[in-house]
Amino acid sequence: LALKHNSVDFQTDSIALELSVPNNTDVSAKEGSIDLEFTVTSNPPTILGVQTFEAFSSKLFTGVPVVIQTTLLHATRAQVFWFVGHELVETSHKFTPRPEHIGKNLSVVITPIREGYHGKCFKEAYQFEAPIEELPFMPIVSPMRDEFTLVKRTAEERKSTMRMMTYNILADLYVSRELDDDTQMFPHVEFKFMRKTRRMPMIVAEILAYDADIICLQEVDGLIYDTYFEPVMQAMGYDAFYSNKASCQREGCAMFWSKKMFERDEALTFSLRELFDPDSHPPPKPELHRWDSMTGIKHLLKSHPELRRVTMEKIGQILQVVKLKIKNPQEGQPHRVVIANTHLFYHPMADHIRAMQAYVVCKKVDEVRRRDISQDPYPLMLCGDLNSDPLSGASQLLFTRSVEPDHPDCWKYLHEYQWDM
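Draft legend 1. Here's a closer look at the overall build of the protein. Helices and strands together make up the secondary structure of the protein, namely eleven helices and 20 strands. Per-residue burial for the protein yields a buried fraction of 42% across its 421 residues. In the structure as shown, the protein presents an accessible area of about 23,000 Å², 52% of it carried by carbon and sulfur atoms.

Draft legend 2. Quick look at the pattern of salt bridges. Applying the stated rule across the entire model yields 20 salt bridges. A salt bridge links Arg 77 to Glu 115, with the nearest nitrogen and oxygen atoms 2.9 Å apart. In this pair, Arg 77 sits in strand β7 (residues 77-84) while Glu 115 sits in the loop between β10 (106-113) and β11 (124-127), placing the two residues 38 residues apart along the sequence. Taking the relative accessible area as the measure of exposure, Glu 115 reaches 52% and is therefore exposed. Between Glu 190 and Lys 192 there is a salt bridge, with the nearest N and O atoms lying 3.9 Å from each other. Glu 190 gets classed as partly exposed once you look at its relative accessible area, which sits at 48%. Each member of the salt-bridge network shares a partner with another, and the members are Arg 153, Arg 158, Asp 211 and Asp 213.

Draft legend 3. The arrangement of empty space enclosed by the protein in detail. Overall, the coordinates contain two cavities of 30 Å³ or more when judged by the stated rule. Of the pockets and cavities examined, the largest cavity occupies roughly 120 Å³. Taken together, 16 residues make up the lining of the largest cavity; nearest its centre are Phe 53, Ser 58, Pro 65, Val 66 and Tyr 228. Listing elements by their share of the lining of the largest cavity, those giving two or more residues are β4 (60-61), β5 (66-67) and α6 (222-235). Considering each element in turn, the lining of the largest cavity owes the most residues, four residues, to α6.

Draft legend 4. Just the pairing of strand β16 (residues 251-258), in detail. In terms of burial, β16 is a largely internal element, eight of the eight residues being buried. Where strand β14 (residues 214-221) meets β16, six bridges bridge the pair, whose relative direction is antiparallel. Pairing of Val 220 across the sheet is with Gly 252, part of β16. Pairing of strand β15 (residues 238-244) with β16 involves seven bridges; the strand directions are antiparallel. Residue pairing for β16: Ala 240 is matched across the bridge by Phe 256. Counted along the chain from β15 to the antiparallel partner β16, the turn is six residues long.

Draft legend 5. Structural view of the nonpolar core. Counting 34 residues, the largest nonpolar core has Leu 319 and Ile 353 as its most contacted members. Of all elements in the fold, only β17 (262-271), α7 (272-275), α8 (293-303), α9 (305-314), β18 (318-326), β19 (336-343), α10 (351-369) and α11 (393-400) reach the threshold of two or more residues within this core. Here the element with the most residues in this core is α10; it accounts for eight residues. One finds Val 67, Ile 215, Tyr 238 and Phe 256 within the second-largest nonpolar core, a separate group that totals 32 residues.

Draft legend 6. Up close: the packing of α8 against α9. Look at α8 against α9: their axes get within 5 Å of each other, and the N-to-C directions meet at 115°. Compared by their axis directions, α8 and α9 come out roughly perpendicular. Between α8 and α9, the residues in contact are Leu 300, Leu 301 and Ser 303 and Pro 305, Leu 307, Arg 308, Thr 311 and Met 312, respectively. Along the lines of polarity and charge, the residues of the contact of α8 with α9 split into five nonpolar, two polar and one charged.

Draft legend 7. Seen up close, the sheet that holds β19. Ordered by their spatial adjacency, four strands build an open sheet running β17-β18-β19-β20, and the pairing between neighbours is mixed. What marks the edges here is a single partner per strand, and that holds for β17 and β20 (380-385). Shown here is a sheet whose adjacent strand axes are inclined to one another by a mean of 15°, direction ignored. Packing against the sheet, α10 makes contact with β17, β18, β19 and β20, and its axis sits at approximately 30° to β18.

Draft legend 8. Geometry of the packing of α9 against α10. Contact geometry for α9 and α10: axes closest at 11 Å, N-to-C directions at 55°. Taken together, the axes of α9 and α10 lie oblique to each other. Handedness of the crossing formed by α9 with α10: right-handed. Across from Leu 307, Val 310 and Thr 311 in α9, the residues of α10 making contact are His 352, Ile 353 and Met 356.

Procedures and definitions
- Residues numbered from 1 in each chain as written.
- Predicted model: local features only at pLDDT ≥ 70, side-chain atom pairs only at ≥ 80, totals over all residues.
- Heavy atoms only, no water.
- Helix = DSSP H or I, 4+ residues; strand = E, 2+ residues; numbered from the N terminus.
- Buried < 20%, exposed > 50% of the residue type's maximum accessible area, 1.4 Å probe, protein only.
- Areas by Shrake-Rupley, 256 points an atom, 1.4 Å probe, with all protein chains shown as cover.
- Salt bridge = Lys/Arg side-chain N within 4 Å of Asp/Glu carboxyl O.
- 1 Å grid on protein atoms, 1.4 Å probe; cavity = no way out; pocket = protein on both sides within 12 Å on 5 of 7 lines; lining within 4 Å.
- Points joined across faces, edges and corners; volume = space filled by probe spheres on them.
- Pairing = 2+ DSSP bridges.
- Core = buried A, V, L, I, M, F, W, Y, C linked by side-chain atoms within 4.5 Å.
- Axes fitted to C-alpha atoms, helices over the stretch in contact; angles between N-to-C directions.
- Parallel < 35°, antiparallel > 145°, perpendicular 65-115°, else oblique.
- Contact = heavy atoms within 4.5 Å.
- Nonpolar A, V, L, I, M, F, W, Y, C, P; charged D, E, K, R; others polar.
- Left-handed = near helix turned anticlockwise from the far one by under 90°.

Structural data, given as structure tokens:
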């Protein structure tokens, strides 16, 4: 039996059959044939896939949202019914466990829906493996940062202030990596505390506790961003932007901003090694010629082949630059802001590389904030993991706008450091 559906929106052919065979059919009386009754459902709403963080095996903590994502066929949306024990507690794609749910199991029933369709559909049900637990005690959140986590901002404060946070969350691919001598990266921590199924929900809990308007993260696993951070933060009222490192490693930087407060104007990703290459981007406008130290950096790279190889071929750090439009600016406030997020090179002998990276980062951000020649330069905020202490070359460059040739740390290993990976 073949059926072709003529709907414009649901052209892919699909069929569901329900058979009913008469029990007392006289086959001989009908010359070897029997009559069958078919109930045909044309293109029923169908669930092709259901996704949640770690496929229902993650820890469930009070106060930490859980989000269900669905892939559908012949359906316009899915309705998710959340059950704690046998009690229906929520009917959206997001559910946040509460203290009274501790110790109970969480399950979902998902129904695909197509507007105007009243026939049968195929529901799916799932149960999470772990029972709901109380969120573990995190002293860094409270009491150490009670001024952010316990004191709520008033409506007036939200209009006149902007709260930002930056956080290297330690990519899971580094947590589980073994060293050359078969030891773990963090032997002083029991691995059960490092598992992503426990650690990532606790990180989300901490991020949400700070109630930030703009969030910049580093070392974000690409897959965990897709399956956890992005859907959860979207459900909590944030827009999102992810940029993977310019390397084979599936980790990078992520930015989130409040959709109530901001609207995305422009989101850009730059490879830091390309920022050292004069052929990778057009020459600056005349007013940007004050960035004349690029001439010295290019001379340094040309005279040090190993430094050039490491800086422009090996390392894969990136820079995120997002231009945000403020939805309801108050009098005297800018209409747009520029946010930058990066993660500089880590090696302890590479302070000189981080200083040069910080320079090209600032140069590129300045270019972006000055593109609109009809406006004054937009205010900027630079976030990231700079892998630098306050006395380092990168920090001194940001604090004082210069790094002296005799800086005691910045140029210490200029002629010694070599790529060793």
